[in-house]
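In case you want the letters, here they are:
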Amino acid sequence: MYKVLLVDDEPLITIGLKALLDWADYGFEIVSTAESGEEALAYLKENQIDILVTDIMMGEMTGLELIKEVKILQPKVKCIVLTGYQEFGFIKQGLLLGIENYLVKPVDEEELLKTIRNVGDKLNAVTEGNQEQEPSTLMDNTLWRFLNGEIDKNDCLERLSFYNIQFNQPYYNVSILSFENYHKAEISKDIRKYIEEHYSVVCLYSPNQEILIIFGGTSEEELILFNQSLVHDFNSEQSKPGIFYLSMGKPVKTVEDLEESFAIAREYSLLQLYSNPNVLISERLTIDKQEEIKKQQEFKDNIVKLLLKADEEALQMVDSYFQGITSKSSFISPQAVKKYTYDLISYIHYSLQSDDLSYYTAAVEKVVYSKDIHQMMTILKEYCRELILSIHNQVNMRSPIVQNVLDFIHVHYDQGVSLKTLGQQFHVNAIYLGQLFQKEVGVVFSEYLNRYRLEKAKELLKTTHYRAGEIGKKVGYSDTTYFYKQFRKTVGATPSEWRKI
């Protein structure tokens, strides 16, 4: 739990903030409240905290004066300020102190939640024994949230105006720099400084300790040249970033479309697994993405089949999987590996249709806090080992006919599969097969098939640019409208909404 101190000279404000969120659900603990800067300092001299949330305008000591003192006592504390509309002039002073964000009173629940979760991500990303790249700033938070669609253009530009940052170029793109020496604070700081001094860009650190670069230019071709030039620079200065990948999002014409450019850059960043290092990863990189996706899907299907049979060969497949990840380079961005590992765990869970969420949620939580490939491999093997032990008894009790039906579904889910066709395929009465399937698997046949198809659809939404309607047909839904309804009902979002998550 990260420790939070709330400071405001109006007790109703701190009481309201405590009640606004279920803080513990998100990994935070309100350890104390204070009604003045002096009271807060007295507490901080005796107790360590992680986050300070303070009002700007208070009696004898203002919130900004409090932050100055806090930075001396506990330099790593993250600071969030509360302000009224008439107090924006004070925010400029707060920028120099590295505040994370400002929240306008009355504080909006969603705004508060997004702010503390972003701060939590940064705290999680700091590896033990290493310092952060540099004090976090409102600018980095603002840009990060804008690129993730959490604040609108006008709000973003208003906050960036404190830094005299303007977007007035005809074209832009977002690129992601993942590099081997990301955990070395001084090197990371030097790399960002070099980029900002030699290129017309805006940089920010992501919570994942990558450097995001917003390039501006007069044409799409010029943006490509800028990205290529930066790769050339780093190849000439290998001692700085070490092994690196620069993933380039597509050029866009408006600030509003930077979110799309960033999403594509993130998608390209995942291609590190199939690319040689120290290159620009963009639409021009020659990688047969569809072939790689096909290989990934085959691997997922094979490991699910082994787990369904409680076959320990699945553990050997995990070893092979991670050996393949590092086959082209000794460094792969932990964020890229984390994404693949999380997707694999989710795919296994939903494919097995287990009603027991304990193994799955525990594994996902461990992945979130993992720091390197070795940890993720260990987490995945432990997850598979626990599933094998759990499934072992079920497999022994499962009839051969139901096991054959499950194997058939996992291969032919995109076809017109029904209890009738399966009954004909395996020479058994369809009604009896349906009853046996529900008894041994735990859900009715149609529900299992529907969930399995939707998991395949989610996979295609994340890994391809196919339209949602096309994806519905590819996973076995002949009626596009029915696919949309089933997706929203089961997943809780439309295919387009889920694709952006």
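Placed above this text is the structure.
The structure reproduced in this document is the subject of the present report. What you see is a predicted model, and the numbers here were worked out from it, not measured in a lab.

Our focus in this paragraph is the environment of Ile56. By secondary structure assignment, the location of Ile56 is in the loop between β3 (51-55) and α3 (63-73). Classification of Ile56 by relative accessible area gives buried; the value is 0%. As for Ile56 and Thr83, which are separated by 27 residues in sequence, their C-alpha atoms are 5.9 Å apart.

Moving on: the pairing of β3. Counting buried residues in β3 gives five out of five residues, a clear majority hidden from the surface. Of the two faces of β3, the one holding Ile51, Val53 and Asp55 and the one holding Leu52 and Thr54 are both buried throughout. Sheet topology note: the strand β1 (residues 2-7)/β3 ladder contains four bridges and is parallel. Bridging from a neighbouring strand, Leu5 pairs with Leu52 of β3. Sheet topology places β3 next to strand β4 (residues 78-83); five bridges connect them, and they run parallel. Counted as the bridge partner of Asp55 is Leu82 from β4. Read as a crossover between parallel neighbours, the route from β3 over α3 to β4 is right-handed.

Remark: helix α13 (residues 334-352) packs on helix α14 (residues 358-368), axes separated minimally by 10 Å, with the N-to-C direction vectors making an angle of 175°. In terms of axis orientation, α13 runs roughly antiparallel to α14. The segment α13 lies against α14, with Lys338, Thr341, Tyr342, Ile345, Ser346, His349 and Tyr350 engaging Tyr360, Ala363, Val364, Val367 and Val368. Looking at the contact of α13 with α14 residue by residue, the classes come out as eight nonpolar, three polar and one charged.

Moving on: the pattern of salt bridges. In this structure the tally under the stated criterion is 17 salt bridges. Here Arg145 makes a salt bridge to Glu150, at a shortest N to O gap of 3.5 Å. Judged by relative accessible area, which is 25%, Glu150 ranks as partly exposed. Linking Arg451 and Glu447 is a salt bridge whose minimum nitrogen-to-oxygen distance equals 2.8 Å. Linking Arg451 with Glu447, this pair stays in helix α19 (residues 445-463), spanning four residues, or about one helical turn. Of the residues examined, Arg451 reaches a relative accessible area of 27% and is grouped as partly exposed. A cluster of three or more residues bridged by salt bridges with shared partners is formed by Asp8, Asp55 and Lys105.

On to the sheet that holds β1. Read across the open sheet, the five strands follow the order β2-β1-β3-β4-β5; overall the sheet is parallel. At either margin of the open sheet sits one strand with a lone partner, and together these are β2 (28-34) and β5 (101-104). This sheet shows a mean twist of 20° between the axes of neighbouring strands, independent of strand direction.

The rules behind these values
Numbering of residues starts from 1 in every chain and runs along the sequence as written. Reporting in this predicted model follows two pLDDT cut-offs: at least 70 for local features of residues, and 80 or more for side-chain atom pairs to be given and counted; totals over whole chains, interfaces and linings ignore these cut-offs and use all residues. The side-chain figures draw on all heavy atoms in the structure; neither hydrogens nor water molecules are used. To qualify as a helix, a DSSP run of H or I must reach at least 4 residues; to qualify as a strand, a run of E must reach at least 2; elements of each kind are numbered from the N terminus. Burial classification: accessible surface area is computed with a 1.4 Å probe over protein chains only, and a residue below 20% of its type maximum counts as buried, one above 50% as exposed, and the rest as partly exposed. At least two DSSP bridges between two strands are required for those strands to pair. We call a crossover right-handed when, viewed with the strands running away from us, the connection from the first strand over the helix to the second turns clockwise. Between N-to-C directions, angles cover 0 to 180 degrees, with each direction set by a line fitted to C-alpha atoms, over the stretch in contact for helices. These descriptions rest on fixed angle ranges, namely under 35 degrees for roughly parallel, over 145 for roughly antiparallel, 65 to 115 for roughly perpendicular, and the rest for oblique. Should any heavy atoms of two residues lie within 4.5 Å, those residues are considered in contact. Throughout this entry, Asp, Glu, Lys and Arg are counted as charged residues, while Ala, Val, Leu, Ile, Met, Phe, Trp, Tyr, Cys and Pro are counted as nonpolar. The remaining residues, Gly among them, count as polar. Think of a salt bridge as a Lys or Arg side-chain nitrogen and an Asp or Glu carboxyl oxygen that are within 4 Å of each other.

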